[in-house]
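The residues making up each chain are set out below.
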Amino acid sequence: MWTSAASGATSILRGRQDEFWTVTDRGPNGQLKIDGTKRRTFPVPGFDPAIVKIRVSGGTVRVLDAIPITTASGKPVTGLSNQKGRDEAPYSYDARTPLSYDPNGLDTERIVRAADGSFWLVDEYGPSLVHVSARGRVLARYVPEGLGPTGTAYPVVEAQPSVLLHRKINRGFEGLAQLPGGDLVLAVQSPLSLPDTDAGETSRTTRLLRFSPKKKAVTAEYAYRFDPVNVVEPSEDDTSELKISSLVAVGGNRLLVEERTDNAARLHLVRPDRSAGIPGGPWDDDTTSPSLEQLDDPAASGVPVLAKKLVVDLGAVAGVPGKIEGIARVDHDTLALINDNDFGMTDGEGAFDGQGRLVDSRVETSVVYVRLPRGI
């Protein structure tokens, strides 16, 4: 079964029967080449990321509520880049006019809801973990040590390992799940660029972190090993296309991890037990050589790697669209999946016509239900 709606939703969280919480990302954006260099464009620079509650009924999706994400004073945040020299420089839709950076900007990607009705989100810029009130106000943003943001209009806490400063641009935190005891597990979308870009582009090892909301601290870190890219998508040979987009809690201390490219995705079962974590000292030290990301076989080098088991190959399931970025467990046997339609934008020169009007990609956001194998 599938339903569709035009939006930029990138996550999905089960609410009541047939109701889900979703969150947008930073808004419409793309890339254009100017003088041979790609520039990041923001056609709607004032876009305010929002938490959206939807109801799925028959073949339609109905928006029940939209909660704008705001600063502590209630001013809308934007999706604009945060820091000059670290994030991509923001430009107007035609990539000709520079835009201002916004230290409050968030590229939100995943959502979970706490028992008190507040929300936890992850963000790709910092990368950061963001605690948001039930009405959308940022209560705290947890970023890597040493990030040193200035000018923010909400509390910022340096509570993530500094090694995360080496995240690949646009590949910060993308996975988020809440374990039964309340701890959060966060996934770095792609391997860190450690010690350099080439290492991150060719590595198959990324990181998951366990965060305690009670302690407001990271309590464990895990090495996660991607399958070879041609196993995930047989026609693909570029390792840098591998990403984690979703984590799904499935009872006990167990998660489903979504490994994907833009055209294929597979779900693996893992157990982020504390005993399976890596020692933070050497592998969070960016002077360690070789780095975790450079190890051809981390397990053979004595580094604990999360054991995983393939549960569902979404590429073999009829009706599943590309670019699945959000997954929620509906019941014991069923998952709900949502794709990211990028707000109907294409990328590159064809995104706008000669009058500056958006050319609709006609890709819709779809909610798809998939059955789980027995025994999960």
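Residues numbered from 1 in each chain as written. Predicted model: local features only at pLDDT ≥ 70, side-chain atom pairs only at ≥ 80, totals over all residues. Heavy atoms only, no water.

**Quick look at empty space enclosed by the protein**
Then, number 1: Applying the stated rule across the entire model yields three cavities of 30 Å³ or more.
Then, number 2: The volume enclosed by the largest cavity comes to roughly 90 Å³.
Then, number 3: Asn82, Gln83, Arg141, Leu147 and Pro149 are, among the 13 residues lining the largest cavity, the residues nearest its centre.
Then, number 4: Its residues assigned to classes, the lining of the largest cavity comprises six nonpolar, four polar and three charged.
Then, number 5: In this structure, the second largest cavity occupies an estimated 40 Å³ of space.
Then, number 6: Along its surface, the second largest cavity is lined by Arg26, Ser81, Asp87, Glu88, Glu124, Tyr125, Arg167, Ile169 and Asn170.
Then, number 7: Looking at the lining of the second largest cavity residue by residue, the classes come out as two nonpolar, two polar and five charged. (1 Å grid on protein atoms, 1.4 Å probe; cavity = no way out; pocket = protein on both sides within 12 Å on 5 of 7 lines; lining within 4 Å. Points joined across faces, edges and corners; volume = space filled by probe spheres on them. Nonpolar A, V, L, I, M, F, W, Y, C, P; charged D, E, K, R; others polar.)

**Focus on the pairing of strand E19 (residues 255-260)**
Then, number 1: Across the six residues that make up E19, a large majority, six, are buried.
Then, number 2: Residues Leu255, Val257 and Glu259 point to one face of E19 and Leu256, Glu258 and Arg260 to the other, with burial holding for every one of them.
Then, number 3: Where strand E18 (residues 243-249) meets E19, five bridges bridge the pair, whose relative direction is antiparallel. Its bridge partner being in E19, lysine 243 is matched across the sheet by arginine 260.
Then, number 4: Bridge count for E19 against strand E20 (residues 265-270) is six bridges, and the pairing is antiparallel. (Buried < 20%, exposed > 50% of the residue type's maximum accessible area, 1.4 Å probe, protein only. Helix = DSSP H or I, 4+ residues; strand = E, 2+ residues; numbered from the N terminus. Pairing = 2+ DSSP bridges.)

**A look at the pattern of salt bridges**
Then, number 1: Enumeration over the complete set of coordinates arrives at 26 salt bridges.
Then, number 2: Across the pair arginine 26 and aspartate 107 runs a salt bridge, and its minimum N-O distance is 3.7 Å. Of this pair, arginine 26 sits in the loop between strand E3 (19-23) and strand E4 (30-34) while aspartate 107 sits in the loop between strand E8 (90-91) and strand E9 (108-113), and the two are 81 residues apart along the sequence.
Then, number 3: According to the relative accessible area criterion, aspartate 107 is buried, its value standing at 3%.
Then, number 4: A salt bridge links arginine 110 to glutamate 174; the shortest N-O distance between them is 3.3 Å. Within this pair, whereas arginine 110 is found in strand E9, its partner glutamate 174 is found in strand E14 (residues 173-178), the two being separated by 64 residues in sequence. (Salt bridge = Lys/Arg side-chain N within 4 Å of Asp/Glu carboxyl O.)

**Section: the sheet that holds E19**
Then, number 1: What the four strands build is an open sheet, ordered E18-E19-E20-E21; its pairing is antiparallel. Each end of this open sheet is capped by a strand with a single partner; those strands are E18 and strand E21 (308-313). Geometrically, the sheet is characterised by an average inter-axis angle of 30° between neighbouring strands, direction not taken into account.
Then, number 2: Sheet topology note: the E20/E21 ladder contains five bridges and is antiparallel. Counted as the bridge partner of histidine 268 is leucine 310 from E21. (Axes fitted to C-alpha atoms, helices over the stretch in contact; angles between N-to-C directions.)

**Topic: the packing of aromatic side chains**
The geometry of two aromatic rings is summed up by the distance between their centres and the angle between their planes.
Then, number 1: Summed over all chains, the structure comprises seven aromatic pairs.
Then, number 2: Centroid distance phenylalanine 47 to phenylalanine 343: 5.3 Å. Interplanar angle 80°. Geometry classified as edge-to-face. Within this pair, whereas phenylalanine 47 is found in the loop between strand E5 (37-41) and strand E6 (50-57), its partner phenylalanine 343 is found in the loop between strand E23 (334-339) and strand E24 (365-371), the two being separated by 296 residues in sequence.
Then, number 3: The interplanar angle of 85° and the centroid separation of 6.0 Å between the aromatic rings of tyrosine 224 and phenylalanine 226 together place this pair among those described as edge-to-face. One exposure class covers both tyrosine 224 and phenylalanine 226, and it is buried.
Then, number 4: Every member of this aromatic cluster is reached through a ring pair, and the members are Trp120, Tyr142 and Phe211. (Phe/Tyr/Trp six-rings, centres within 6.5 Å; stacked < 30°, edge-to-face > 60°.)

**Considerations on the sheet that holds strand E16 (residues 205-212)**
Then, number 1: What the four strands build is an open sheet, ordered E14-E15-E16-E17; its pairing is antiparallel. Both outer strands of the open sheet, E14 and strand E17 (217-225), are each paired with one neighbouring strand and no more. Adjacent strand axes in the sheet meet at a mean angle of 20°, parallel and antiparallel pairs treated alike.
Then, number 2: The pairing of E14 with strand E15 (residues 184-188) spans five bridges and is classified as antiparallel. By the bridge assignment, glutamine 178 is partnered in E15 with leucine 184.

**Let's talk about the nonpolar core**
Then, number 1: Counting residues in hydrophobic clusters, the biggest one holds 20 residues, and the most contacted among them are Leu208, Tyr224, Ile244, Leu247 and Leu306.
Then, number 2: Of all the secondary structure elements, the ones that give two or more residues to this core are E15, E17, helix H2 (229-232), E18 and E19.
Then, number 3: No other element matches the three residues that E17 contributes to this core.
Then, number 4: Dropping the residues within four chain positions of it, tyrosine 224 is found in contact with Arg204, Thr205, Thr206, Leu208, Ile244, Val257, Glu259, His268, Val270, Leu306 and Lys308.
Then, number 5: Counting 19 residues, the second-largest nonpolar core is a separate cluster that includes Val122, Ala159, Val163 and Leu164. (Core = buried A, V, L, I, M, F, W, Y, C linked by side-chain atoms within 4.5 Å. Contact = heavy atoms within 4.5 Å.)

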